[in-house]
Amino acid sequence: MRLASAEIDLTALQENLRLTQKLAPKSKIMAVLKANAYGHGLVKIAQHLQDADAFAVARVDEALALRTGGITKPIVLLEGFFHSSDLPILLANNLQTIVHDISQLEAIEQANLESPLTVWLKIDTGMHRLGVEPEEFEHFYSRLKCSNNVAEKIHLMTHFACADDVGDNKTEIQQVLFKSLVGQSHAPLCLANSAGIIGWPESHGDWIRPGLMLYGVSPMLGRVGQQHGLKPVMRLTTKVIAIKHVKAHQAVGYGSRWQSEQDTYLAVIGVGYGDGYPRHAKVGTPVVIRNRRYGIVGAVSMDMISINIGDNPDNIEVGDEVEMWGPNLPVEEVAQCAETIPYELLCNVTPRVSYEYIEA
Ligand SMILES: Cc1ncc(COP(=O)(O)O)c(C=O)c1O
């Protein structure tokens, strides 16, 4: 029996997909599965998103793992390919590529391919990470259209920088620029990530690219998934492994960074940064034991964390389950206590954690 366990609620996953489709009823869905499906298990999650129209990953290896796992839906490489020698692999495995850089365009033009590749041309409308410059768009688009190595239907896409903040007009500016460039193209358009889908309905194009919201987590600043009707998919738990009494002013844990003002009991729990729990979670970060919240104290160590359970420990016993995040404790809240984002917490869950997939 492993202590730390991630229960993955596949029914919640499917309900989140349905809600996503309801929010953007006219759009096709490219479900984003990179980084091991945000830490939820790549193939298993893909198998339970049968109603998605396509999948997206960041690396060729991730796409190949999906194919090996029997996934036959279209797969889009969000960063494209990284070397011309990848191109035959893309074709052999029916992978679609984003083009965002001149090196990719030239590699495609110069390749000797048996059949054309499906291409998504990415335009940088303000994220300033990947994508061709707006003034380069026409040039890239016409060269792609002329290449025999490119399938006839070229998709056009962009990515938002600040869509999580509905008060920031940058998303509006990005949309206006994108539409001014692609308006006459009649190509399929794709703009919105989860934050675009929830916060910017006018950005829903022919395709949407939800990631985080499928896992039941809010992409919007200061919100939790349940506020949008989403259901958390991952429930990370562990067990109490010891109950310990400490006297007032006895320092606890590495660095002796925390001490209680009065005598108290600690529940020592079997999870730590070796399982992916954030080491920087501050004192007071909540956990749930027997439907009650308690705060962590001292430093998070590799395998254990101490929880202050107060001066009456009678109701908590060794072996009790502890929820670190899940339906009773939003991962968004834990992320805030660790000064990070829920994406990072979910992706960081390590292979030491046992995964259990649950279907209603
Ligand atoms: C290009 C692109 N599209 C869509 C997504 C999905 O974003 P989210 O998980 O916020 O929905 C990502 C994730 O980072 C991305 O890089």
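A quick note: this is a predicted structure, and the numbers were derived from the prediction, not measured.

(A) Just empty space enclosed by the protein, in detail. Summed over the entire model, instances satisfying the criterion amount to two cavities of 30 Å³ or more. Estimates place the volume of the largest cavity at around 40 Å³. As for the largest cavity, its lining consists of Y215, V217, P232, V233, M234, W325, G326, V331 and L346. The residue makeup of the lining of the largest cavity, split by class, is eight nonpolar, one polar and no charged. By volume, the second largest cavity amounts to about 30 Å³. Partitioning the lining of the second largest cavity into residue classes produces three nonpolar, two polar and three charged.

(B) The arrangement of the domain arrangement of the chain in detail. Domain boundaries assigned for the chain yield domain 1 (10-215) and domain 2 (234-358). Between the C-alpha centres of domain 1 and domain 2 the distance comes to 37 Å. Each partner contributes to the roughly 880 Å² buried at the junction of domain 1 and domain 2, and carbon and sulfur atoms together form 68% of this total. Joining domain 1 to domain 2, the criterion identifies zero salt bridges. There are three residue pairs in polar contact (both at pLDDT 80 or more) connecting domain 1 and domain 2. Residue assignment for the side of domain 1 that touches domain 2 shows that the elements contributing at least two residues are α1 (10-23) and α2 (34-39). When its residues are assigned to classes, the side of domain 1 that touches domain 2 shows four nonpolar, four polar and one charged.

(C) Structural view of the layout of surface pockets. In this structure, the largest pocket spans a volume of roughly 960 Å³. In this structure, the largest pocket is lined by 42 residues; those nearest its centre are N193, L212, P219, I341 and Y343. When contributions to the lining of the largest pocket are tallied by element, the ones reaching two or more residues are α2, α9 (194-199), α10 (331-337) and α11 (342-347). Among the elements that take part in the lining of the largest pocket, α10 stands out by supplying four residues, more than any other. Mapped onto the domain boundaries, the lining of the largest pocket takes at least three residues apiece from domain 1 (10-215) and domain 2 (234-358).

About the thresholds
Residues numbered from 1 in each chain as written. Predicted model: local features only at pLDDT ≥ 70, side-chain atom pairs only at ≥ 80, totals over all residues. Heavy atoms only, no water. 1 Å grid on protein atoms, 1.4 Å probe; cavity = no way out; pocket = protein on both sides within 12 Å on 5 of 7 lines; lining within 4 Å. Points joined across faces, edges and corners; volume = space filled by probe spheres on them. Nonpolar A, V, L, I, M, F, W, Y, C, P; charged D, E, K, R; others polar. Domains from an automatic or database assignment. Buried area = accessible area lost by both parts, 1.4 Å probe. Salt bridge = Lys/Arg side-chain N within 4 Å of Asp/Glu carboxyl O. Polar contact = N/O pair within 3.5 Å; in protein donor to acceptor, adjacent residues only side chain to side chain. Helix = DSSP H or I, 4+ residues; strand = E, 2+ residues; numbered from the N terminus.

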